[in-house]
Amino acid sequence: MNTFTGNDGQVRCAWCASDPEYIRYHDEEWGYPVDDDRRLFEKICLEGFQSGLSWWTILQKRENFRAGFANFDHHKMARFDEADVERLVQDAGIVRHRGKIEAVINNAARAIEMETEFGSLATYFWSFEPTQDEKDGQLMVATTETSKRLSKDLKKRGWKLVGPTTCYAFMQAMGLVNDHMPDCEHRQKAKRLREGFTPPA
């Protein structure tokens, strides 16, 4: 099943059924358009940390990640040094993977370069919004041609932990695509919010 009916009678995407915090994230955040650079940067960092893990695991640690990574202010993170890396490797509240920690610090510097070139991270990321449904009627996919293009371009710019699957999960969460299931009651909310949203240019 791709959907479930909650105790409140609402039909939702099945992936969020296991936990009330997951449901809140689905209802209030996932799939709605975002143009805030801090939130966009946080999300692509956390998607990188998720690689090999579940989003539920990352969601449970999100506040700890925010505390450890200067609330994902990429200007502050770009100044992190080896002492910060060691501090984060010792932080039991996050995913203590040195390679991933070093990768998102690298990405902070790349984000500043992108901001200089495009004016904002949002302008860059929203330029990858698909103009039509790429999924050919499939309800659930892990990558699309656009997520592959985004991944390739980010890697060319020196970003790390940005494979096509990570990029597609980012696109889903930040509203570049509306992947709430057709029967999910929040699909129409996401559609209305996108219709009232003007992507930065």
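First, a word on scope: everything that follows refers to the structure included in this document. (Residues numbered from 1 in each chain as written. Predicted model: local features only at pLDDT ≥ 70, side-chain atom pairs only at ≥ 80, totals over all residues. Heavy atoms only, no water.)

Our next topic: the overall build of the protein chain. For the protein chain, the count of helices and strands is 11 helices and two strands. Taken from the N to the C terminus, the helices and strands of the protein chain come in the order β-β-α-α-α-α-α-α-α-α-α-α-α. In terms of overall size, the protein chain behaves like a compact globule, its C-alpha atoms giving a radius of gyration of 17 Å where 201 residues would be expected to give roughly 17 Å. Structurally, the protein chain occupies a C-alpha span of about 50 × 35 × 25 Å along its principal axes. Restricting the contact set of the protein chain to residue pairs at least 6 apart, pairs at least 24 apart contribute 63%. Of the roughly 9,900 Å² of accessible surface on the protein chain, 48% is carried by carbon and sulfur atoms. Each charge class in the protein chain can be summarised by its mean position, and for the 28 positive and 32 negative side chains these summaries are 2 Å apart. (Helix = DSSP H or I, 4+ residues; strand = E, 2+ residues; numbered from the N terminus. Rg over C-alpha atoms; globule rule 2.2 N^0.38 Å. Contact = heavy atoms within 4.5 Å. Areas by Shrake-Rupley, 256 points an atom, 1.4 Å probe, with all protein chains shown as cover. Lys, Arg positive; Asp, Glu negative; His and termini not counted. Charge placed at Lys NZ, Arg CZ, Asp CG, Glu CD.)

A few words on the packing of helix α2 (residues 37–50) against helix α7 (residues 98–118). Running from N to C, α2 and α7 point in directions that differ by 150°, and their axes come no closer than 10 Å. In terms of axis orientation, α2 runs roughly antiparallel to α7. Of the two possible hands of crossing, α2 and α7 adopt the one that is right-handed. Contacts between α2 and α7 involve D37, F41, C45, G48, F49 and Q50 from the first element and K100, I101, V104, N107, A108, A111 and E115 from the second. (Axes fitted to C-alpha atoms, helices over the stretch in contact; angles between N-to-C directions. Parallel < 35°, antiparallel > 145°, perpendicular 65-115°, else oblique. Left-handed = near helix turned anticlockwise from the far one by under 90°.)

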